[in-house]
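Letter by letter, the chains look like this.
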Amino acid sequence: MIRVVLPYHLRNLARVEGEVELEVARPVTVRAILDALEARHPVLRGTIRDHGTLKRRPFIRFFACKEDWSLESPDTELPGEVVSGNEPFLIVGAMAGG
Amino acid sequence: MSKIRVLVGTKKGAFILTADGTRQNWEVSGPHFAGWEMYHLKGSPADPNRIYASQTSGWFGQVIQRSDDGGKTWNPPGTKPEDLMGPGGMPNGKSNQFTYEGEVGTHKFYDGSQHPWEFKRIWHIEPSLTDPDTAYAGAEDAAIFKTTDGGKTWKELPGLRSAKGHLWQPGAGGMGLHTIILDPKDANRIYIAISAAGAFRTDDGGKTWKPINRGLKSKYELPDPDAEVGHCVHRIAMHPSRPGVLFMQKHWNVLRTDNAGDQWTDVGGNLPSDFGFPIDVHFHEPETIYVVPIKNDSEHFPPEGKLRVYRSRTGGNQWEPLTKGLPQQDCYVNVLRDAMAVDQLDPCGIYFGTTGGQVYGSANGGDTWNAIVRDLPAVLSVEVQTLK
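Residues numbered from 1 in each chain as written. Chains lettered and ligands numbered in written order. Predicted model: local features only at pLDDT ≥ 70, side-chain atom pairs only at ≥ 80, totals over all residues. Heavy atoms only, no water.

## Quick look at the sheet that holds strand 28 (residues 370-373) of chain B
Residues and elements named next belong to chain B. Read across the open sheet, the four strands follow the order 25-26-27-28; overall the sheet is antiparallel. Only two strands of the sheet have a single neighbouring strand rather than two, namely strand 25 (340-342) and strand 28. Recorded for the sheet is a direction-independent mean angle of 25 degrees between the axes of neighbouring strands. The sheet contact formed by strand 26 (residues 350-353) and strand 27 (residues 359-362) spans four bridges and is antiparallel. Opposite Tyr-351, over in strand 27, you have Gly-361 as the bridge partner. (Pairing = 2+ DSSP bridges. Helix = DSSP H or I, 4+ residues; strand = E, 2+ residues; numbered from the N terminus. Axes fitted to C-alpha atoms, helices over the stretch in contact; angles between N-to-C directions.)

Structure, rendered in structure tokens:
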């Protein structure tokens, strides 16, 4: 089971508390996690990555095992600790003004 | 007894202000969608319990919200369990998707180059006058979208961008389609306005559009001050009894047209400044209009630090300041283009919100004003529902 941590506003939007747990087929990648997350919570479509292009929105960052995965290919397999569920996959609203 | 519901969009959430017909005692609910920019909320004239809202964020993009119970509860359209599944069992989740039709194309950019259209947010939602499930949405970068399923899906009316879209350019606040006016006597006629492209009209339900900017002058703003497109129109208003008469607050200049936009005439008259953002029309007096003059294009606050609404009872040219109850010293707020509205009671109520977070209301056509609330986040939009 993959554990996903959403930023505050997206937890509110998706009406979830705490982490989201997802079944994700291997290989577990950023793309596979986001596909599963948006399938479970369609309201999140367009909020993390753009409709159509599926590019990460500019002020969204991805972290796994304390490493920034934002600039990695979305098809790179994530660390085993995330795949096993020992570590969560973090979706973060980047620090920026406003 | 009638009831008034004021829908307020702010930089950090939405608020709903309600009062009975006396408009003396107000209840405030909110913040709804706390922390999000709420560009605009508007109720359906066909079903006042149906309210659409544009929720946006620099981080998380565009979300459309809908209430079917007058603002008590909200859902992004199409995400209720009964709406979730589309063909093949996959969730729909299309209510946030605003995709430009066909070839995206380019518009003029700040540096004069051509720049591809990029969707950023919805500035304004205009529900149909007759069908609660139909609404129009004005986007940045400028385009108009339409839903006929209560906001679950949106489709662009691409003919608008064919009206010399390559010559449109962003204003300082972006290239937003901020005004949508539906003609109550002709379902095929719609007026829209864009900063900074100008005003446009369709007479065939949105298939084709034409610029309606003749008479607008933008000296020092455009290479050709009489250009067909490119003018920074800030707001247009119409009285429902006279859909061919429109009033405009432009970047500079207050104007009117008596022939559905084919020709505009300056009616700024004795205003202390004809720069401003909102303009609106009294519900019972089609020749009574309201503006809030702002000092100039570089200093977006009231002249002399005095917050004054100006009223013309003659359709322009002769204006009187309305000051009772409004701050007359040290006031440096702005009133944005979508932040003024009128109710339908008699006497007519006028409401406006400021960038300082105040929402002022007048229950007597503007003669006197009271602050309904004083300390909201910066107000982006104000709409009013008169509930029978």
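## A closer look at the environment of Gly-93 of chain A
Tracing the backbone shows Gly-93 of chain A in strand 5 (residues 89-93). Ignoring sequence-local partners within four residues, the contact set of Gly-93 of chain A consists of Pro-7 and Phe-59 of chain A together with Trp-59 and Phe-60 of chain B. (Contact = heavy atoms within 4.5 Å.)

## What about helix 2 (residues 30-40) of chain A?
All buried positions along helix 2 of chain A are accounted for by Val-30, Ala-32, Ile-33, Leu-34, Ala-36, Leu-37 and Glu-38 of chain A. Looking at the packing, one finds that the buried side of helix 2 of chain A touches strand 1 (2-5), strand 2 (20-22), strand 3 (60-64) and strand 5 of chain A. (Buried < 20%, exposed > 50% of the residue type's maximum accessible area, 1.4 Å probe, protein only.)

## Comments concerning the nonpolar core
What tends to happen in soluble globular proteins is that the nonpolar side chains get buried as a cluster. Ranked by size, the top nonpolar core spans 41 residues in total, and within it Leu-6, Phe-89 and Ile-91 of chain A carry the most contacts. Considering every element that reaches this core, the biggest residue donor is helix 2 of chain A, with six residues. Non-local contacts of Ile-91 of chain A, meaning those with residues more than four positions away in its chain, are made with Val-4, Val-5, Leu-6, Pro-7, Leu-34, Leu-37, Ile-48, Ile-60, Arg-61 and Phe-62 of chain A. Met-340, Ile-350, Trp-369 and Val-373 of chain B belong to the second-largest nonpolar core, a separate cluster that totals 34 residues. (Core = buried A, V, L, I, M, F, W, Y, C linked by side-chain atoms within 4.5 Å.)

## Things to note about the sheet that holds strand 24 (residues 320-322) of chain B
Residues and elements named next belong to chain B. An order of 21-22-23-24 is seen for the four strands of this open sheet, with the pairing classed as antiparallel. Looking at which strands have only one partner, the edges of the open sheet turn out to be strand 21 (275-281) and strand 24. For this sheet the average axis-to-axis angle between neighbouring strands, irrespective of direction, equals 30 degrees. Sheet topology note: the strand 23 (residues 309-312)/strand 24 ladder contains three bridges and is antiparallel. Pairing of Arg-311 across the sheet is with Glu-320, part of strand 24.

## A few points about the side chain of Ser-218 of chain B
Within the fold, Ser-218 of chain B resides in the loop between strand 16 (210-211) and strand 17 (233-238). Not counting chain neighbours up to four residues away, the residues in contact with Ser-218 of chain B comprise Pro-225, His-231 and Lys-250 of chain B.

## Quick notes on the pattern of salt bridges
Two side chains bearing opposite charge may form a pair once their charged atoms approach each other closely. All names here are of chain B. Tallied over the entire structure, the rule returns 35 salt bridges over all chains. Note that Glu-118 and Lys-120 form a salt bridge whose closest N and O atoms lie 3.9 Å from each other. A salt bridge links Glu-285 to Arg-313, with the shortest nitrogen-to-oxygen separation between them at 3.5 Å. On the criterion of sequence distance, the pair formed by Glu-285 in the loop between strand 21 and strand 22 (289-294) and Arg-313 in the loop between strand 23 and strand 24 is long-range, its members being 28 residues apart. (Salt bridge = Lys/Arg side-chain N within 4 Å of Asp/Glu carboxyl O.)

## Some remarks on the interface of chain B and chain A
Contact residues are listed per partner, giving 23 residues for chain B and 20 residues for chain A. For the pair chain B and chain A, the summed buried area comes to about 1,700 Å², and 57% of that belongs to carbon and sulfur atoms. Taken together, the connections running from chain B to chain A amount to eight residue pairs in polar contact (both at pLDDT 80 or more). For the side of chain B that touches chain A, the elements supplying multiple residues, two or more each, are strand 5 (47-57) and strand 6 (61-67) of chain B. A breakdown of the residues in the side of chain B that touches chain A according to their chemical character gives 10 nonpolar, 12 polar and one charged. (Buried area = accessible area lost by both parts, 1.4 Å probe. Polar contact = N/O pair within 3.5 Å; in protein donor to acceptor, adjacent residues only side chain to side chain. Nonpolar A, V, L, I, M, F, W, Y, C, P; charged D, E, K, R; others polar.)

## Considering the pairing of strand 17 of chain B
All names here are of chain B. By the criterion of burial, strand 17 is predominantly enclosed, with six of the six residues buried. The sheet contact formed by strand 17 and strand 18 (residues 246-250) spans five bridges and is antiparallel. Looking at the pairing, Arg-235 lines up with Gln-249 of strand 18.

## A few points about the pairing of strand 19 (residues 254-257) of chain B
All names here are of chain B. Residues Val-254 and Arg-256 of strand 19 are buried on one face, and the alternating residues Leu-255 and Thr-257, pointing to the opposite face, are buried as well. Pairing of strand 18 with strand 19, which is carried by four bridges, proceeds in the antiparallel orientation. Each residue of the ladder has a partner; that of Gln-249, found in strand 19, is Val-254. The hairpin turn running from strand 18 into strand 19, its antiparallel successor, is three residues long, and Asn-253 in that turn takes a positive phi close to 95 degrees. Relative to strand 20 (residues 265-266), strand 19 runs antiparallel, the two sharing two bridges. Bridge pairing in strand 20 places Arg-256 opposite Thr-265.

## Topic: the packing of aromatic side chains
All names here are of chain B. Summed over the entire model, instances satisfying the criterion amount to 19 aromatic pairs over all chains. Geometrically, the ring pair formed by Phe-98 and Trp-154 is tilted, given 5.3 Å between the ring centres and 35 degrees between the ring planes. Taken as a pair, Phe-98 in the loop between strand 6 and strand 7 (106-108) and Trp-154 in the loop between strand 11 (143-147) and strand 12 (155-156) lie far apart in primary sequence, 56 residues in all. Of the two residues, Phe-98 and Trp-154, neither departs from the other in class, the shared state being buried. On the numbers, 5.3 Å between centres and 35 degrees between planes, the contact of Phe-352 with Tyr-360 is tilted. Exposure remark for Tyr-360: the relative accessible area of 3% places this residue in the buried category. Ring pairing ties together the aromatic residues Phe-98, Tyr-100, Phe-119, Phe-145 and Trp-154, which thus form one cluster. The ring of Trp-117 has Arg-161 sitting right over it, with the charged end atom 4.8 Å from the ring centre. (Phe/Tyr/Trp six-rings, centres within 6.5 Å; stacked < 30°, edge-to-face > 60°. Lys NZ or Arg CZ within 6 Å of the ring centre and 35° of its normal.)

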